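Structure assessment
The chain contents come next:
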Amino acid sequence: MEKLIVHGGSPLKGRVNISGSKNSSLPILAATLLTKDTCTIRRVPDLSDTNYMVRILGELGAEVERASGVVVVKAEKIKSVAPYDLVRKMRASICVLGPLTGRLRKCTVSLPGGCVIGDRPVDLHLKGLEALGAEILVEGGDIRVNAPKKTFKGSTMNLMGKHGSTVLGTDNIMMAAVLAKGTTVIEGAAAEPEVEDLANFLIKMGAKIEGAGTNRIVIEGVKELHGAEHTVIPDRIEAGTFLCAGAMIGEGITIKRVLPEHLKAVTDVLKKCGFPVEIGKDSISIAPNPAAKGFDLTTLCYPGFPTDMQAQFCALACVINDVSTITETIFPQRFMHVAEMKRMGADIDLQGATARIRGGVKMKGAPVMASDLRASAALVLAGLVTEGRTDVNRLYHIDRGYEHLDDKLASLGAQLERVKE
Ligand code: EPZ
């Protein structure tokens, strides 16, 4: 295993290119299973999660070629059983459930395990497939779907759960419904940009979809889909992570190749705190502000403040000389980073799903344990501004979802090194 040694205190300055979105790439790669034609997906980030998805497609029988950020998939003949040993390693593999159901009308996909950010149920995915006429059997850790032609057809459903809508659940139902006879209406759909990006790819394949990017999506089933080419949208969470870094230390940075409108909830908070945020067509600049004010935010479904930026804002709050609060409503247990930041001297009080951070206290580097993808990135951010050395262990969490994070931070002036643990 590897760890990242972060030497705190180096100022950040300069520009960095943001990679393609992990959370867009994964469902779009899964969607290539919906056609036997060739699909070309561009700007797929080089991550262990996207590597897993490429391996899953291959194990399902697709021919897959990958050259740097371009993945070419030809799923001429595919199997109906997703490989357990791969699927269990990445929760997002659940997004092969929809395309396998749509294309084959039957499939077996192992139940994704939980993870450190909390329980990861799939009841809404299954509710949606049942609404389309599929028979679902969950046994032995597997989800078995059978959607015979005579019963598999479009219908109206609501995918809203107690923690809001479901991103991958919306993706799965969309990918099944595009080949289900008749009209499907998804009420309570997730409106995240990654869902809209998937819909745009499906439309290029010949699907009939309206309303993607809103909470009501209408799909007219078609007989089959053809191949298509698509470039994945920029990763708004990687972008937001770098904006936090630029606000925390140095003389200001610019992130390039982004879609600023996807980050509005994040830049709105940064502006309200008093950070100098400049928004361009495909770039955003930011710099620290010693007089920045604290924030009070609550994570919500898009277009609200994203849960995937919550840990990074905990780190940012530590350098604001004020009190900030963060309430997590999507994954109420998603605070693994708090205990680790407190080891570095952070003053954070966690009450239920609300963290209260008193910033401006002197923190000291310490060995810390990465737990989930975004918590790990937040610990790196904390290390950047903390005196001394911070060892972020279990770096594989970061490599799951950030393309060359350490190289990009080093190019901005951060002092860090990747070593074997
Ligand atoms: C996607 O996960 C993202 N992952 C997550 O990003 C992100 O945190 C999450 O959406 C919320 O925005 C990918 O896109 C690959 P959900 P997903 O279904 O779709 C509950 C990252 O760091 N729920 O939208 O799995 C669930 O427990 C990752 O990049 C049900 O109750 O999340 C949660 O509380 C982490 N039943 C809420 O809904 C269901 O059937 C939102 O989950 C499904 C979900």
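Residues numbered from 1 in each chain as written. Predicted model: local features only at pLDDT ≥ 70, side-chain atom pairs only at ≥ 80, totals over all residues. Heavy atoms only, no water.

1. So, the nonpolar core
Counting 72 residues, the largest nonpolar core has L202 and I209 as the members making the most contacts within it. Here this core takes six residues from helix α6 (residues 167-177), the largest share from any one element. With 69 residues, the next largest nonpolar core counts I326, I348, A382 and A414 among its residues. (Core = buried A, V, L, I, M, F, W, Y, C linked by side-chain atoms within 4.5 Å. Buried < 20%, exposed > 50% of the residue type's maximum accessible area, 1.4 Å probe, protein only. Helix = DSSP H or I, 4+ residues; strand = E, 2+ residues; numbered from the N terminus.)

2. A look at the sheet that holds strand β14 (residues 252-256)
Ordered by their spatial adjacency, four strands build an open sheet running β2-β14-β16-β15, and the pairing between neighbours is mixed. Only two strands of the sheet have a single neighbouring strand rather than two, namely β2 (13-17) and β15 (278-279). (Pairing = 2+ DSSP bridges.)

3. Quick notes on the pairing of strand β6 (residues 106-110)
Regular strands have side chains that alternate between both faces of the sheet. The buried count for β6 comes to four of five residues, which makes it a mostly enclosed element. With five bridges joining them, β6 and strand β8 (residues 142-146) adopt antiparallel strand pairing. Across the sheet, S110 pairs through a bridge with D142, a residue of β8.

4. Let's talk about helix α4 (residues 97-104)
By the criterion of burial, α4 is predominantly enclosed, with six of the eight residues buried. What α4 keeps buried is the set L97, G98, P99, L100, T101 and G102. The inward-facing, buried residues of α4 contact α1 (22-31), β6, α5 (123-131), β8 and α6. Count one or two residues on from α4 and you reach R105, which has phi positive near 70 degrees. (Contact = heavy atoms within 4.5 Å.)

5. Let's talk about the packing of aromatic side chains
Each aromatic ring pair is summarised here by two numbers: the centre-to-centre distance and the angle between the ring planes. Following the criterion strictly, the structure yields two aromatic pairs and no others. Centroid distance F295 to F313: 5.5 Å. Interplanar angle 70 degrees. Geometry classified as edge-to-face. Here F295, found in the loop between β16 (283-286) and β17 (296-298), pairs with F313, found in helix α10 (residues 310-317); they are 18 residues apart in sequence, far enough to count as distant. With a centroid separation of 4.8 Å and 80 degrees between ring planes, the pair formed by F305 and F313 is classed as edge-to-face. A relative accessible area of 5% places F305 in the buried class. Put simply, the rings of F295, F305 and F313 pair up and form one aromatic cluster. (Phe/Tyr/Trp six-rings, centres within 6.5 Å; stacked < 30°, edge-to-face > 60°.)

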